[in-house]
Amino acid sequence: MKIHEYQAKDLFKKYGINVPSSILCDSKEKIKQCIEQINPPCVIKAQVHSGARGKAGGVKLAHNFDEALKIADEILGMELTSKQAGTKKVNKILIENAVDIDKELYLSLTFDRANEAIAMIISNQGGMDIEETAKIAPEKIYTELIKDNFNPLQTVKKLGYDDEINTQIVSVVNSLYELLKEKDALLVEINPLVITKQKKVIALDAKINFDDNALFRHEDILALKDEKEENPFELQAQKDGLNYIKLDGTIGCMVNGAGLAMATMDIIGLAGKKAANFLDVGGGASSEKIEKAFKLLISDENLEAVFINIFGGILRCDFLAEGVKNAIHSLNINVPVIVRMEGTNKDAGADILNNSGLKFTVVNNLNEAIEVIKNL
Ligand code: ADP
Ligand code: MG
C-alpha cells in the first residue's frame with residue numbers, strides 16, 4: 001500500500017526526520033487561508049500517488065502571495081499525467097515552505113531479496129533524475145546491505161561532506177530504518193534529501209510503500225489508505241473477496257488456486273501472450289462469486305480473450321459454468337472465451353456452456369488451450 005507525501009512526512013516527523021513546515025489544502029475555498037499560514041515563497045505540491053510530479057507540472061515554486069494563489073488554484077483539481085501512474089486527479093495539495101537548497105541527495109531503504117537483507121541506497125545525485133543517473137553513472141549510487149554490523153557512516157562518508165552534515169545524514173538513515181522495521185514498510189525513499197545553505201539536512205519528498213500482508217497489525221497505517229488512489233479493479237476485488245492483481249497483458253484469466261493461476265500464466269506465456277491479470281477465485285467459490293469475478297475480469301479494456309482454467313474440486317465445474325453463463329448473459333462480451341475444466345461435474349459444466357446459446361471454446365486439455373490462444 002502506498003500513502004501520500006504529506007502522510008509520509010507526518011511519519012517522518014514522528015521518527016525525528018526534519019521536513020519543511022507545510023499545510024494540506026483540499027478545497028479551493030481554503031487556498032487563501034492556507035497560504036496566509038505558510039508565508040511565501042512556498043512550493044505547491046500535488047498529492048497523488050505518483051513519482052515525477054515535478055516533471056508533470058504538479059510541483060511548483062511560488063515566489064509571492066499572488067503567485068501562490070494562482071498556482072494553487074491551477075494544481076488543485078488538475079489532471080496530472082505521469083509515465084508511471086497514468087492520469088490522476090489532484091484532490092489535495094501540500095503548501096510547503098520553500099527551502100534554500102544547496103545539494104539534493106537521494107536516500108532509500110528497500111528490500112534486496114536476492115541478498116536477504118535490507119539495502120541502503122544513497123547518492124549525491126538526488127532530485128528528479130535518479131533513474132537517469134542509475135543508467136548513465138551507476139558509480140555515483142552507493143548501495144550497502146544492512147547486516148548486523150551495519151555502519152551507515154562508512155558509506156555516508158563517501159559522499160564527501162563534513163562531519164556536521166554526515167552526522168545528520170546518519171541520523172536520518174537510522175530513523176528510516178526504525179520506521180521501515182516498525183511499520184513493515186517495503187520501501188522508504190527520500191528524493192531529494194537536501195542539504196540547505198544553512199547546513200541543515202531536510203527531507204523534501206517522502207515515499208513509503210507498506211507490505212499489504214502486514215497491514216492487519218498496523219491499524220494506524222491502514223487508516224491512511226486513500227481509496228481514490230487504489231486501482232479500482234483491485235479495490236472491487238478486495239470487497240468481493242477475490243485475489244486479483246492487474247497485469248499488463250491481453251489474456252484475462254480466471255483460475256482457482258494460486259498455484260494453478262501461476263501455472264496458467266506460464267501457459268499463456270508458452271502461447272506467446274501475456275496475462276491481463278492474476279485472478280484466484282479460491283477453492284469453494286459460489287456461482288455468484290464466479291459471476292462477480294467474471295465481471296471484474298472483462299471490465300479490462302485491453303482484453304484479447306478470456307481463459308478460464310478451473311480444477312473442480314470443492315468448486316464444482318457446473319457451479320462455475322452457471323456463474324460464467326449468467327455473467328455473460330448480463331454483459332456484452334465480444335472477446336473469445338476459452339474454457340478448460342477438469343474434475344468434479346466436468347461434463348455437466350461443459351453441457352451448461354454448450355447449451356447456453358453463447359460462444360465458448362471448451363478445450364479438453366492445456367495443449368489445446370495453448371493452440372487456441374496462439375491462433376487468436
Ligand atoms: P517529485 O519527485 O514527485 O517530482 P518532489 O517532492 O521531489 O516531487 O519535488 C520535485 C522538486 O521540487 C525537488 O527535487 C525539489 O528540487 C523541489 N522542491 C520540492 N519541495 C520543495 C521545497 N519545499 N522547497 C524547495 N524546493 C522544493
Ligand atoms: Mg521526488
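What counts, and at which threshold
- Residues numbered from 1 in each chain as written.
- Chains lettered and ligands numbered in written order.
- Predicted model: local features only at pLDDT ≥ 70, side-chain atom pairs only at ≥ 80, totals over all residues.
- Heavy atoms only, no water.
- Near = heavy atom within 4 Å.
- Polar contact = N/O pair within 3.5 Å; in protein donor to acceptor, adjacent residues only side chain to side chain.
- Areas by Shrake-Rupley, 256 points an atom, 1.4 Å probe, with all protein chains shown as cover.
- Nonpolar A, V, L, I, M, F, W, Y, C, P; charged D, E, K, R; others polar.
- Domains from an automatic or database assignment.
- Donors = N, O, S within 2.8 Å, 3.2 Å for Na, K, Ca; no water.
- Helix = DSSP H or I, 4+ residues; strand = E, 2+ residues; numbered from the N terminus.
- Buried < 20%, exposed > 50% of the residue type's maximum accessible area, 1.4 Å probe, protein only.
- Arc of directions from axis to C-beta.
- Contact = heavy atoms within 4.5 Å.
- 1 Å grid on protein atoms, 1.4 Å probe; cavity = no way out; pocket = protein on both sides within 12 Å on 5 of 7 lines; lining within 4 Å.
- Points joined across faces, edges and corners; volume = space filled by probe spheres on them.
- Axes fitted to C-alpha atoms, helices over the stretch in contact; angles between N-to-C directions.
- Parallel < 35°, antiparallel > 145°, perpendicular 65-115°, else oblique.
- Left-handed = near helix turned anticlockwise from the far one by under 90°.
- Core = buried A, V, L, I, M, F, W, Y, C linked by side-chain atoms within 4.5 Å.
- Pairing = 2+ DSSP bridges.

**A few points about the site of ligand 1**
Now for step 1: Near ligand 1 lie 19 residues; those nearest to it are Lys45, Arg53, Gly54, Glu96 and Glu104.
Now for step 2: At 3.1 Å, a backbone N or O of Asn191 approaches an oxygen atom of ligand 1.
Now for step 3: Relative to its free-state accessible area of 540 Å², ligand 1 is covered by the protein chains to the extent of 89%.
Now for step 4: Counted by class, the shell around ligand 1 contains 9 nonpolar, 5 polar and 5 charged residues.
Now for step 5: When residues are assigned to domains, the shell around ligand 1 turns out to be shared by domain 1 (21-97) and domain 2 (101-222), each giving three or more.

**Concerning the coordination of the magnesium ion (ligand 2)**
Now for step 1: For the magnesium ion (ligand 2), the full set of protein donor atoms is Asn191 (O) and Asp205 (OD), at a range of 2.2 Å. Of this pair, Asn191 sits in strand E10 (residues 185-196) while Asp205 sits in the loop between strand E11 (201-203) and strand E12 (207-210), and the two are 14 residues apart along the sequence.
Now for step 2: You can call Asn191 buried: its relative accessible area is 12%.

**Some thoughts on helix H12 (residues 346-354)**
Now for step 1: Taken together, the buried positions of H12 are occupied by Gly349, Ala350 and Leu353. Across the axial projection of H12, the buried residues extend over an arc of 95 degrees, all falling on one side.
Now for step 2: Looking at the buried residues of H12, the elements they touch are helix H11 (317-330), strand E17 (337-343) and strand E18 (361-363).

**Re empty space enclosed by the protein**
Now for step 1: Overall, the coordinates contain 1 cavity of 30 Å³ or more when judged by the stated rule.
Now for step 2: Of the pockets and cavities examined, the largest cavity occupies roughly 30 Å³.
Now for step 3: Lining the largest cavity are His4, Gln47, Lys89, Asn91, Lys92, Asp226 and Glu229.
Now for step 4: A class-by-class count of the residues in the lining of the largest cavity yields no nonpolar, 3 polar and 4 charged.

**Side note on the layout of surface pockets**
Now for step 1: Estimated volume of the second largest pocket: approximately 200 Å³.
Now for step 2: Looking at the lining of the second largest pocket, its residues break down into 7 nonpolar, 2 polar and 1 charged.

**What about the packing of helix H9 (residues 258-270) against helix H13 (residues 366-374)?**
Now for step 1: Interhelical geometry of H9 versus H13 gives an angle of 50 degrees and a closest axis separation of 9 Å. Compared by their axis directions, H9 and H13 come out oblique. Crossing handedness for the pair H9 and H13: right-handed. Here Ile267, Ile268 and Leu270 of H9 lie close against H13, whose contacting residues are Leu366, Ile370, Ile373 and Lys374.
Now for step 2: When grouped by side-chain class, the residues that make up the contact of H9 with H13 number 6 nonpolar, no polar and 1 charged.

**Notes on the nonpolar core**
Now for step 1: Within the largest apolar cluster, 39 residues are counted, with the highest numbers of intra-cluster contacts made by Phe12, Ile169, Leu176, Leu193 and Ile208.
Now for step 2: For this core, the elements supplying multiple residues, two or more each, are helix H1 (5-14), strand E7 (101-112), strand E8 (117-123), helix H6 (163-182), E10, E11 and E12.
Now for step 3: Per element, the largest residue contribution to this core is 8 residues, and it comes from H6.
Now for step 4: Residues contacting Ile208, with those up to four places away along its chain left out, are Met1, Lys2, Ile3, Ala8, Leu11, Phe12, Leu179, Ala185, Leu187 and Val188.
Now for step 5: Ile310, Leu320, Ile328 and Val335 belong to the second-largest nonpolar core, a separate cluster that totals 32 residues.

**Notes on the domain arrangement of the chain**
Now for step 1: Here the chain is described as being made up of domain 1 (21-97), domain 2 (101-222) and domain 3 (231-374).
Now for step 2: Centre-to-centre, using C-alpha coordinates, domain 1 lies 43 Å away from domain 3.

**Quick look at the sheet that holds strand E6 (residues 93-97)**
Now for step 1: Strand order in this open sheet of 4 strands is E1-E6-E2-E3, and the pairing throughout is antiparallel. Strand pairing shows two members of the sheet lacking a second neighbour, strand E1 (22-25) and strand E3 (59-62), which therefore form its edges. Averaged over all adjacent pairs, the angle separating strand axes in this sheet is 20 degrees, with direction ignored.
Now for step 2: In the sheet, E1 pairs with E6 via 4 bridges, with the strands oriented antiparallel. The partner of Leu24 across the bridge, within E6, is Leu94.
Now for step 3: Against the sheet, H1 makes contact with E1, strand E2 (42-46) and E6, and its axis sits at roughly 50 degrees relative to E6, the strand it touches most.

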